[in-house]
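# Descriptive structure summary
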Amino acid sequence: LHQKGYLAAQVIPVCEYGRGEVARGAQCSEDAMYGLAIKRLSFDVSQGSRTTVSGILLRGNLATKNYILRNELLMKPGSELGSDELFISQANLRSLGVFDAVSVAYISQDSTGPNLVGANFGAEGTTTTGAKSTAADRSAMVLVTVEESKAKLLDFYLGLQIDSTPIDDDLPILYSVGTSARDRNLFGYALELGVGASHRNRISEIADVENDYAIWRAGPFFKNNRLFGTRLSFALEALFERGRTVQGDQYQAVYNV
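## Focus: the overall build of the chain
In terms of regular secondary structure, the chain is built from two helices and 15 strands. Counting only contacts in the chain whose residues sit at least 6 apart along the sequence, the fraction spanning at least 24 positions is 57%. Accessible area of the chain: about 16000 Å², with a carbon and sulfur share of 55%.

Structure, rendered in C-alpha cells:
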C-alpha cells in the first residue's frame, strides 16, 4: 500500500482463538500467540487516501543545474507518490557524489478520512474481502533539499612502501608522493574533471631519478556517473608514465588512454 501511494496506510492483525477470544495488534503477534490454535486470522486495513504529486520544489542546489536533480527523481507532477519513489530518489541523488546531504520529503496539502478494507482467511482456507468506497486522493508537494559538497579539491599524499627484490639482501624502502586537482561538479553538471601526478622512488636513491625504482605518472581524467542519462558510469584517463621496463634494461616513456 505504501508503494502504491497510500502513505498513511496501516495494517492491524486480528486473531480469533479459544472460545471466542479475540487478540488485536501486538497481542496477535507470533510470540504472544505461541502455542495457541488460531481459528481465524483477519486484517483490518486502514488504507487512507492515495497521495499524488502536485509539484516538486528544489532547494539548496546553488551550483547544480535543476534538471540534474530532476533526472534522479522517480516522481513527477500528477503521478502517485509511494515510498519507493521517495527512498530510491534520495539514493539516486546521493550516488551522484556531489552532495553532502540529501533529503526527499513531502508536504501534504489536503487529506481525507481513512478507507477500511478487510481480508479474512478462515480455518478452512476460504478468503473473504470487503472494501468501502475509495477516499479522494490527496495532493502533496515534494520537497527536495540538498547540501552541495565542495566541488573543487586539491589533494596531496605521501606514503612509504617496503618492496621485495630477488637480488638485494636488504628490503628497499620506497616513498610515494602525489597530487591531484579536480572539479567534481563541472559547470553544475555533476561531471568530474581533474589532473593528477605521482612519483615513486627509493629513499636511498632520491638523487637518481632514473633508477630501477623511479616511476613518474601524470595525466588528466574525466568521469560521468550518468552516461547519456542512464545509470552507466563512464571514466576516461590519459596517463603519461616514465620508468624502467619490466626487465630494467631500458628507460621508457609510455602514453596510455
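## Observations regarding the sheet that holds strand β8 (residues 138-148)
Pairing is mixed in the open sheet, where three strands are placed in the order β4-β8-β5. Lying at the two open borders of the sheet, with one neighbouring strand each, are β4 (51-59) and β5 (99-108). For this sheet the average axis-to-axis angle between neighbouring strands, irrespective of direction, equals 20 degrees. Of the strand pairs in this sheet, β5 and β8 are connected by nine bridges, and their pairing is antiparallel. Paired with Ser103 across the two strands is Thr145, which belongs to β8. Where helix α2 (residues 83-95) meets the sheet, it contacts β5 and β8, and its direction lies at approximately 155 degrees from that of β5.

## Observations concerning the pairing of strand β1 (residues 10-17)
As judged from the eight bridges shared by β1 and strand β3 (residues 38-46), these two strands associate in the antiparallel manner. Bridge pairing links Cys15 to Leu41 in β3. The pairing of β1 with strand β2 (residues 21-24) spans four bridges and is classified as antiparallel. Within the sheet, the bridge partner assigned to Cys15 lies in β2 and is Ala23. Taking the residues that link successive antiparallel strands as the turn, the β1-β2 hairpin has three residues, and the phi of Gly18 there is positive, at about 60 degrees.

## Section: a nonpolar patch on the surface
Residues Leu160, Ile162, Leu171, Ile173, Ile203 and Ile206 make up a contiguous nonpolar surface patch of roughly 610 Å² in combined accessible area. Relative to the helices and strands, Ile173 resides in strand β10 (residues 173-183). With relative accessibility at 41%, the residue Ile173 sits in the partly exposed group.

## Topic: the pattern of salt bridges
The tally for this structure, following the rule as stated, stands at 10 salt bridges. Salt-bridge contacts for Glu80 lead to Arg50; the nearest nitrogen and oxygen are separated by 2.9 Å. Taken together, the residues Glu80 in the loop between α1 (66-70) and α2 and Arg50 in the loop between β3 and β4 connect sequence positions 30 residues apart. Linking Asp212 and Arg244 is a salt bridge whose minimum nitrogen-to-oxygen distance equals 3.7 Å. Of this pair, Asp212 sits in the loop between β11 (191-202) and β12 (215-224) while Arg244 sits in strand β14 (residues 239-244), and the two are 32 residues apart along the sequence. Given a relative accessible area of 52%, Asp212 falls into the exposed group. What you see here is one network of salt bridges that share partners, running through Glu72, Arg226 and Arg231.

## Describing the nonpolar core
Counting 21 residues, the largest nonpolar core has Met75, Leu93 and Val144 as the members making the most contacts within it. Put simply, the parts of the chain that give this core at least two residues each are β4, α1, α2, β5 and β8. In terms of residue count, the dominant contributor to this core is β8 (four residues). What Val144 contacts, discounting residues up to four positions off in sequence, is Ile56, Leu57, Leu58, Arg59, Leu69, Leu73, Leu93, Ser103 and Val104.

## Here's the deal with unusual backbone geometry
The phi angle at Phe187 is positive, at roughly 55 degrees, despite the residue not being glycine. Here Phe187 is to be found in the loop between β10 and β11. At Ala190, a residue that is not glycine, the phi angle is positive and equals roughly 60 degrees. Position of Ala190 relative to the elements: it lies in the loop between β10 and β11. Taking relative accessible area as the criterion, Ala190 reaches 9% and is therefore assigned buried.

## Some points on the state of the cysteines
Within this structure, the stated rule accounts for one disulfide. A sulfur-sulfur distance of 1.6 Å marks the disulfide that ties Cys15 to Cys28. Here the disulfide of Cys15 and Cys28 is right-handed, its torsion about the S-S bond being about 65 degrees. In this pair, Cys15 is assigned in strand β1 and Cys28 in the loop between β2 and β3, connecting sequence segments 13 residues apart.

Thresholds, definitions, all that
- Residues numbered from 1 in each chain as written.
- Predicted model: local features only at pLDDT ≥ 70, side-chain atom pairs only at ≥ 80, totals over all residues.
- Heavy atoms only, no water.
- Helix = DSSP H or I, 4+ residues; strand = E, 2+ residues; numbered from the N terminus.
- Contact = heavy atoms within 4.5 Å.
- Areas by Shrake-Rupley, 256 points an atom, 1.4 Å probe, with all protein chains shown as cover.
- Pairing = 2+ DSSP bridges.
- Axes fitted to C-alpha atoms, helices over the stretch in contact; angles between N-to-C directions.
- Patch = residues over 30% accessible without salt bridge, like charges linked within 9 Å, V, L, I, M, F, W, Y side chains within 5 Å.
- Salt bridge = Lys/Arg side-chain N within 4 Å of Asp/Glu carboxyl O.
- Buried < 20%, exposed > 50% of the residue type's maximum accessible area, 1.4 Å probe, protein only.
- Core = buried A, V, L, I, M, F, W, Y, C linked by side-chain atoms within 4.5 Å.
- Disulfide = S-S within 2.5 Å.

Keep in mind these numbers describe shape, not what the thing actually does.
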